[in-house]
Amino acid sequence: MNNWQTGRRILLGITGGIAAYKIPALVRLIKKADCEVEIILTQNAENFVTHMTLATLAGHKVWRESDFIDSGYEIPHIKLAGWADVIAVAPCSANTLAKIAHGICGNLLTSTITASSRELIIFPAMNENMFNNKATQENIKILQERGVRVINPSEGDLACGVSGKGRMPEPDEILLEIMRALCPVHDMSGKRVLITAGPTHEYLDPVRFISNPSTGKMGAAMARAAWLRGADVKIIAGPVNIDSYGFEVIHVVSALDMLREVKANLEWADYVIKAAAVGDYRPKEYNANKIKREGRDSLTLELIQNPDIAAEAGKLKHEGQVLIGFAAESEHVTEYAREKLSRKRLDYIIANDITGSDSGFAHDTNRVTLISADVNEPERTFSGLKQDIAFDIWDALM
Ligand SMILES: Cc1cc2nc3c(=O)[nH]c(=O)nc-3n(C[C@H](O)[C@H](O)[C@H](O)COP(=O)(O)O)c2cc1C
């Protein structure tokens, strides 16, 4: 299920809120994602962002209130409603939110929304008191009950000078929400996915550690694909930067930290993906002070084995839970992976050849083989971008 994002038709409604200043950046991202975009501005939105800026970035005219009744034989709100794959209103003012909730279609944007049967996503952005106002909250409830996606604003500094709940997500986050709505399958809605990702750092003193080149990309790709398909996602991440929008992220450093967090969160999960590159060994002793180089020509480290987190999870696995491990191997890849699959009591293992020039650590691409504990299930091999492989793996698991 690859390339589903390309060419999708996004209708963007912009209303009169200060967060409209972020929308030109969103239009650039939509174009970069090879999607098509049409933009409708309310009259009040034009106080906050110019149609000229938006039209230049979109590469064509944008729809203004004056087009509603001045466009000759074409009926713009019907045409636009039929064109869109998805409608996103960002920022959505308290005023427009109320109008949509009550079917009031006195302008081009609300008429288009009323005439459309496509998925609608609302990004409310306003002062905290406006957001918490009973009328606004009741309007949000009405929309949610109708299946409209209302993306709660986050806490932070607001343009009105106070700090509170009311901030619109950033443009890249808005695009992710739009993609989540556009995703062709939502077969993971209500499913809870726990993923470990990235390396561990095993410190020998306050400034030195043993680690590996894992970047967490494969785990992050599995997480993003599950989230786009509707899942709730928690990531237990070693010390790397992970694109985390929409996930609960638990940061850990060492294998022991990771084991503790996996055990604490195991019960919660329907699917557990062990994509982290956990250090097999840690220094036997930790020096509280930096080990000095003066007076030593060499340094001998004694290492002891870390616990096997996947095997621990295999012992604690609950009924109906699906446990999936990754096996990063440099030789006898599928043979070693199969041995781990049965020894650790996993349901699946994803054998990952880390020796290829386009697979394994730090690459954007990978080559993996999905092996089931059920011998009747065929092995499947996937290669390509990690984000596409992640979709392929979930396709196979669903
Ligand atoms: C400087 C300024 C900033 C505003 N910011 C917001 C805002 O962030 N959110 C909001 O709901 N309304 C905001 N408003 C009020 C809306 O512009 C007003 O309710 C307007 O009627 C919205 O019209 P529209 O929904 O048709 O775009 C602001 C008004 C002004 C003057």
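Bear in mind that the values here come from a model prediction, so they are computed numbers and not experimental data. (Residues numbered from 1 in each chain as written. Predicted model: local features only at pLDDT ≥ 70, side-chain atom pairs only at ≥ 80, totals over all residues. Heavy atoms only, no water.)

Participant: Could you give an account of the overall build of the protein, naming the residues involved and the relevant values?
Facilitator: When helices and strands are tallied, the protein shows 13 helices and 19 strands. Along the longest, intermediate and shortest principal axes, the C-alpha atoms of the protein span 80 × 55 × 40 Å. A burial count over the protein gives 49% of its 398 residues as buried. The long-range share in the protein, meaning contacts at least 24 apart out of those at least 6 apart in sequence, stands at 68%. Of the accessible surface of the protein, which amounts to about 19100 Å², a share of 47% is contributed by carbon and sulfur atoms. Where the 44 positive side-chain charges of the protein centre and where its 51 negative ones centre are 2 Å apart. (Helix = DSSP H or I, 4+ residues; strand = E, 2+ residues; numbered from the N terminus. Buried < 20%, exposed > 50% of the residue type's maximum accessible area, 1.4 Å probe, protein only. Contact = heavy atoms within 4.5 Å. Areas by Shrake-Rupley, 256 points an atom, 1.4 Å probe, with all protein chains shown as cover. Lys, Arg positive; Asp, Glu negative; His and termini not counted. Charge placed at Lys NZ, Arg CZ, Asp CG, Glu CD.)

Participant: A description of the sheet that holds strand 5 (residues 149-150) should follow, citing residues and the corresponding values.
Facilitator: The pairing of strands in a sheet happens through backbone hydrogen bonds and is either parallel or antiparallel. Spatially, 2-1-3-4-5 is the arrangement adopted by the 5 strands of the open sheet, whose pairing is parallel. The open sheet has two edge strands with one neighbour each: strand 2 (36-41) and strand 5. Here strand 1 (residues 9-14) runs beside strand 3 (residues 86-92); their pairing, made up of 4 bridges, is parallel. Within strand 3, the residue paired with Ile10 across the bridge is Val86. Contacting strand 3 and strand 4 (119-124), helix 4 (residues 94-101) runs over the sheet at an angle of about 140° to strand 3. (Pairing = 2+ DSSP bridges. Axes fitted to C-alpha atoms, helices over the stretch in contact; angles between N-to-C directions.)

Participant: Provide a residue-level description of the nonpolar core, including the pertinent values.
Facilitator: With 75 residues, the main nonpolar core has Val193 and Trp394 as its most contacted residues. Looking at which domains feed residues into this core, each of domain 1 (9-182) and domain 2 (192-293 + 301-397) supplies at least three. (Core = buried A, V, L, I, M, F, W, Y, C linked by side-chain atoms within 4.5 Å. Domains from an automatic or database assignment.)

Participant: Run through helix 13 (residues 386-397), naming residues and quoting values.
Facilitator: For helix 13, with 12 residues, the first-to-last C-alpha span of 16 Å sits near the 16 Å given by 1.5 Å per residue. Most of helix 13 is tucked away: 9 of the 12 residues are buried. Listing the buried residues of helix 13 in full gives Lys386, Ile389, Ala390, Phe391, Asp392, Ile393, Trp394, Ala396 and Leu397. (Expected span 1.5 Å × (residues − 1).)

Participant: Any chance you could break down the packing of aromatic side chains for me, citing the residues and the numbers?
Facilitator: Applying the stated criterion across every chain, the model contains 4 aromatic pairs. Here the aromatic rings of Tyr271 and Trp394 are separated by 5.5 Å at their centres, their planes lie at 85°, and the arrangement is edge-to-face. Note that Tyr271 is positioned in strand 13 (residues 271-274) and Trp394 in helix 13, a separation of 123 residues in sequence. When sorted by exposure, Tyr271 lands in the same class as Trp394, which is buried. Taking the ring centre of Trp63 as reference, the NZ or CZ of Lys61 above it sits at 4.4 Å. In this structure, Lys234 is placed above the aromatic ring of Trp268, and the distance from its NZ or CZ to the ring centre is 4.6 Å. (Phe/Tyr/Trp six-rings, centres within 6.5 Å; stacked < 30°, edge-to-face > 60°. Lys NZ or Arg CZ within 6 Å of the ring centre and 35° of its normal.)

Participant: Describe the site of the ligand, naming the residues involved and giving the relevant values.
Facilitator: Taken together, 14 residues surround the ligand, and among them Gly16, Thr42, Ser93, Ala94 and Thr96 come closest. Here an oxygen atom of the ligand sits 2.7 Å away from a polar atom, N or O, in the main chain of Gly16. With respect to the ligand, the backbone of Ile18 contributes an N or O atom lying 3.4 Å from an oxygen atom. When isolated, the ligand has an accessible area of 640 Å², and the protein chains bury 64% of it. (Near = heavy atom within 4 Å. Polar contact = N/O pair within 3.5 Å; in protein donor to acceptor, adjacent residues only side chain to side chain.)

Participant: Quick one: what's the story with unusual backbone geometry, residue by residue and with numbers?
Facilitator: Residues Ala90 and Pro91 are joined by a peptide bond in cis, for which omega reads -10°. As for its position among the elements, Pro91 is in strand 3.

Participant: Account for the domain arrangement of the protein, naming residues and giving values.
Facilitator: Entries for the protein in the domain assignment read domain 1 (9-182) and domain 2 (192-293 + 301-397). For domain 1 and domain 2, the distance between their C-alpha centroids amounts to 38 Å. Listed by partner, the interface residues are 7 residues for domain 1 and 7 residues for domain 2. Buried area between domain 1 and domain 2, summed over both chains or domains, comes out near 610 Å², and the portion from carbon and sulfur atoms is 60%. For domain 1, the biggest contributors to the area lost against domain 2 are Glu173, Leu176 and Arg180; these three give 80% of the whole. (Buried area = accessible area lost by both parts, 1.4 Å probe.)

Participant: Tell me what's going on with the pairing of strand 3, and back it up with residues and numbers.
Facilitator: Within strand 3, 7 of the 7 residues are buried, leaving the element largely enclosed by the surrounding structure. Alternating residues of strand 3 divide into Val86, Ala88, Ala90 and Cys92 and Ile87, Val89 and Pro91, and every residue in both groups is buried. Judged from the 5 bridges that link them, strand 3 and strand 4 form a sheet pairing that is parallel. Bridge pairing links Val86 to Glu119 in strand 4.

Participant: Help me get a handle on the sheet that holds strand 12 (residues 248-251), residues and values and all.
Facilitator: Across the sheet, 8 strands lie side by side as 12-11-8-13-16-17-18-19; this open sheet has mixed pairing. This sheet does not close on itself; its edge strands, each paired only once, are strand 12 and strand 19 (380-385). Mean inter-strand twist for the sheet, computed between neighbouring axes without regard to direction, equals 20°. Of the pairings in the sheet, the one linking strand 18 (residues 365-372) to strand 19 comprises 6 bridges and is antiparallel in character. Its bridge partner lying in strand 19, Val368 is registered against Phe382. Here helix 10 (residues 255-265) sits on the sheet in contact with strand 8 (192-197), strand 11 (232-237) and strand 12, set at roughly 160° to strand 11.

Participant: Which residues make up the packing of helix 8 (residues 171-182) against helix 9 (residues 217-228), and what values go with them?
Facilitator: When two helices pack together, their arrangement is given by the angle between the helix axes and the distance between those axes. Two elements in contact, helix 8 and helix 9, have axes whose closest approach is 8 Å; the angle formed by their N-to-C orientations is 60°. Here helix 8 is positioned oblique relative to helix 9, judged by the angle of their axes. Note on element contacts: helix 9 touches helix 8 through Arg224, Trp227 and Leu228, opposite Leu176, Glu177, Met179 and Arg180. Its residues assigned to classes, the contact of helix 8 with helix 9 shows 4 nonpolar, no polar and 3 charged. (Parallel < 35°, antiparallel > 145°, perpendicular 65-115°, else oblique. Nonpolar A, V, L, I, M, F, W, Y, C, P; charged D, E, K, R; others polar.)

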